[in-house]
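As a plain string of letters, each chain reads:
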Amino acid sequence: MSRGRSSCWSCSRAASAWKPSPGRLPARTAPIITIDSNRIEHDEAARLPLYALRSTGSRGRRHPEPPDPLRTVWRRDRDRIVHCGAFRRLEYKTQVFVFHEGDHYRTRLTHTLEVAQVARSVAVVLGLNESFVEALALAHDLGHPPFGHAGEDVLRLCMKESGGFEHNAQALRVVDFLERGYPQFRGLNLSYEIRASLLKHGPGAAGGVGSDIEPAPFPLLEAQVVDVADSIAYNNHDLDDGLRSGLLTPSDLEELGLWRRAQERARALYPTLEGALLTRSTRAQVIKITIDDLITHTSANLERLAPRNPEAARAHGRLVGFSPPMQELVSELQRFLLGHLYRAHAVTTMRQKTMRIVRELFEIYLHDPEQMAPDFREMAGTAGVYRAAADYVAGMTDRFAEQEHERLTGLRLTTQGN
Ligand code: MG
């Protein structure tokens, strides 16, 4: 094989030595792919059904900005979310198991990515706006404090008389106020529709942000997809993490109708399978069965009601969901996880320790705001020390909360082990 005048990219010396003669220059052609936001918007208009959101229908941003030439409004939102500090910190926030209990368990970040994957897959099949669904899924847990629901329960109590605390409202505080990546405004200046969809239960606990958001009786279809994708993701990964931890065993799961149905499918597909591989294949079938049912039932709803636009669709209420028999099976699984996993001794022991860390940190900052980072010390003077302490603690990772607690109390109240 000749190694002479090669234009092969991997043979850089020969390639750089090669000079095309003027007579052999290829004709100048347009790039194969032209990316521009107009083309994507036209594509949405032509392709999506009437009930789907269209980027051109967005109500825009609080602080007007020129449109991005390359990205639609929700693709731009998605990129701002992925690049913000609160998104990165999800990596060290608990889902069920605290980060140093093992490297294989889900964190809030991997949970978020699984929600985005399920939500996008479902949205594409239903003809909904994939970019919107992706952006919302990636942002949906930005307001979660450290240590999962234990952290939220403590902050809710701490803020009971001072405006309240709720993780959805906190997600709006993060994207509207707490992120400081842009000189021209506070927050990420996301689109109205993403902000309104984050604020599930009204602006009551949002500490003054979101007052422009109009109450709506039901979420947009795209937001409904993210809600159900959230529950599909955590039901399935909590089953997986529960099995991995040994708190659940495959034989425990045989009392569940959904597990038995999934195992039948796995055995039909792979008759010789047994042991851990059978368990993993069964769990994969649980996801498949629930998503298939969700798509079939929701498609039937959309076909029957044929909403003429996104507002008409949301006026019908919750159209994205499981069939009644599947809802029964999913509820049975959720009750099982509550009794066997979330209230398991090892998990509740950890919960007590983590609740103490969050409560004591909050109380220390309340009495000594100087211990907080500069932005939050400053906020204590304007928004009040309660809101500043709640925002500061809510933004912490599990690891930082542990370190701060040790620094301020001298106690090594580690959540490692029992
Ligand atoms: Mg979630």
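Residues numbered from 1 in each chain as written. Predicted model: local features only at pLDDT ≥ 70, side-chain atom pairs only at ≥ 80, totals over all residues. Heavy atoms only, no water.

Novice: Could you give an account of the overall build of the protein chain, naming the residues involved and the relevant values?
Specialist: From N to C terminus, the protein chain includes 19 helices and zero strands. Within the protein chain, counting contacts between residues at least 6 apart in sequence, those at least 24 apart form 72% of the total. Just so you have it, the protein chain exposes about 21000 Å², and 53% of that area is on carbon and sulfur atoms. (Helix = DSSP H or I, 4+ residues; strand = E, 2+ residues; numbered from the N terminus. Contact = heavy atoms within 4.5 Å. Areas by Shrake-Rupley, 256 points an atom, 1.4 Å probe, with all protein chains shown as cover.)

Novice: Lay out the packing of helix 6 (residues 130-139) against helix 10 (residues 221-245) in plain terms, naming residues and giving numbers.
Specialist: Relative orientation of the contacting elements helix 6 and helix 10 amounts to 45 degrees, with a least axis distance of 9 Å. Considering their axes alone, helix 6 and helix 10 lie oblique with respect to each other. Considering the relative orientation of helix 6 and helix 10, their crossing is right-handed. Mapping the contact onto sequence places F132, V133, L136 and A137 in helix 6 and E222, A223 and V226 in helix 10. (Axes fitted to C-alpha atoms, helices over the stretch in contact; angles between N-to-C directions. Parallel < 35°, antiparallel > 145°, perpendicular 65-115°, else oblique. Left-handed = near helix turned anticlockwise from the far one by under 90°.)

Novice: Give a description of the coordination of the magnesium ion that names residues and reports values.
Specialist: Coordination sphere of the magnesium ion, protein contribution only: H111 (NE2), H140 (NE2), D141 (OD) and D230 (OD), at 2.2 to 2.6 Å. For the magnesium ion, the donor residues sit on a single chain with the sequence spacing H-x28-H-D-x88-D. You can see H111 sitting in helix 5 (residues 108-126) and its partner D230 sitting in helix 10, a full 119 residues away along the chain. Assigned by exposure class, H111 and D230 land together as buried. (Donors = N, O, S within 2.8 Å, 3.2 Å for Na, K, Ca; no water. Buried < 20%, exposed > 50% of the residue type's maximum accessible area, 1.4 Å probe, protein only.)

Novice: Lay out the packing of aromatic side chains in plain terms, naming residues and giving numbers.
Specialist: Overall, the coordinates contain five aromatic pairs when judged by the stated rule. Ring centres of W74 and F132 lie 5.0 Å apart, and the angle between their planes is 85 degrees; this geometry places the pair in the edge-to-face category. Taken as a pair, W74 in helix 3 (residues 73-82) and F132 in helix 6 lie far apart in primary sequence, 58 residues in all. Overall, the relative accessible area of 0% leaves W74 in the buried class. F132 gets classed as buried once you look at its relative accessible area, which sits at 0%. (Phe/Tyr/Trp six-rings, centres within 6.5 Å; stacked < 30°, edge-to-face > 60°.)

Novice: Account for the nonpolar core, naming residues and giving values.
Specialist: Within soluble globular proteins, side chains that are nonpolar tend to cluster in buried spots. Counting 104 residues, the largest nonpolar core has I81 and L142 as the members making the most contacts within it. In terms of residue count, helix 10 provides more of this core than any other element does, ten residues in total. Those residues in contact with L142 that lie beyond four places of it in its chain are I81, C84, A86, F87, L90, A171, V174 and V175. (Core = buried A, V, L, I, M, F, W, Y, C linked by side-chain atoms within 4.5 Å.)

Novice: Go over the confidence of the model for the protein chain with me, naming the residues and quoting the values.
Specialist: Residues with a pLDDT of 70 or more make up 89% of the protein chain, whose mean pLDDT is 88. Note that residues 1-23 has pLDDT below 50 and, in this model, ten contacts with residues that lie over four places away or in other chains. (pLDDT = per-residue confidence, 0-100.)

Novice: For unusual backbone geometry, give the residues involved together with the corresponding values.
Specialist: For F147, which is not glycine, the phi dihedral falls at a positive 65 degrees. As for its position among the elements, F147 is in the loop between helix 6 and helix 7 (148-158). Its identity as a non-glycine residue notwithstanding, N189 has a phi of 50 degrees, on the positive side. Mapped onto the elements, N189 comes out in the loop between helix 8 (167-178) and helix 9 (192-198).

Novice: How would you summarise helix 8 if you had to cite specific residues and measurements?
Specialist: For helix 8, which comprises twelve residues, the first-to-last C-alpha distance of 14 Å sits more than 12% below the rise-based estimate of 16 Å (1.5 Å per residue). Here helix 8 lies mainly inside the structure; eleven of its twelve residues are buried. Listed in full, the buried residues belonging to helix 8 are H167, N168, A169, Q170, A171, L172, R173, V174, V175, D176 and L178. Looking at the buried residues of helix 8, the elements they touch are helix 4 (85-89), helix 6, helix 7, helix 9, helix 17 (374-382) and helix 18 (385-395). (Expected span 1.5 Å × (residues − 1).)

Novice: Tell me what's going on with helix 3, and back it up with residues and numbers.
Specialist: Among all positions in helix 3, only V73, W74, R76, D77, R80 and I81 are buried. Projected onto a plane normal to the axis of helix 3, the buried residues spread over an arc of 155 degrees and lie on a single side. Against helix 4, helix 6 and helix 9 lie the buried residues of helix 3. (Arc of directions from axis to C-beta.)

Novice: Kindly report on the environment of R75, identifying the contributing residues and their values.
Specialist: Considering the arrangement of structural elements, one finds R75 in helix 3. Taking C-alpha positions, R75 is 8.5 Å from E134, a pair spaced 59 residues apart along the chain. Residues contacting R75, with those up to four places away along its chain left out, are I40 and S131.

Novice: An account of the side chain of T112 is needed here, citing residue identities and associated values.
Specialist: Inspection of the secondary structure assignment puts T112 in helix 5. The contact partners of T112, leaving out residues within four places of it in the chain, are F87, L90, A137, L138, H140 and D141.

Novice: Describe the environment of I364, naming the residues involved and giving the relevant values.
Specialist: Relative to the helices and strands, I364 is located in helix 16 (residues 345-367). In this structure, the C-alpha to C-alpha distance between I364 and L408, residues 44 residues apart in sequence, is 7.9 Å. Discounting residues that sit within four places of it in the chain, I364 has contacts with L408 and T409.

Novice: So what's going on with the packing of helix 5 against helix 13 (residues 275-305)? Residues and values would help.
Specialist: Axis separation between helix 5 and helix 13 bottoms out at 10 Å; the angle between their running directions is 35 degrees. Crossing geometry of helix 5 relative to helix 13 is assigned as right-handed. Taking contact as the criterion, the partners of V118, V122, V125 and L126 in helix 5 are, on helix 13, I291, L294, I295, T298 and S299. When the residues that make up the contact of helix 5 with helix 13 are grouped by side-chain class, the tally is seven nonpolar, two polar and no charged. (Nonpolar A, V, L, I, M, F, W, Y, C, P; charged D, E, K, R; others polar.)

Novice: Pulling in residues and values, what's your account of the side chain of R106?
Specialist: Here R106 lies in the loop between helix 4 and helix 5. Residue R106 is classed as buried on the basis of its relative accessible area of 11%. Reaching out from R106, the side chain makes a polar contact with the side chain of E114 at a distance of 2.9 Å. Looking at R106, its side chain comes within polar contact range of the side chain of D240, at 2.7 Å. (Polar contact = N/O pair within 3.5 Å; in protein donor to acceptor, adjacent residues only side chain to side chain.)

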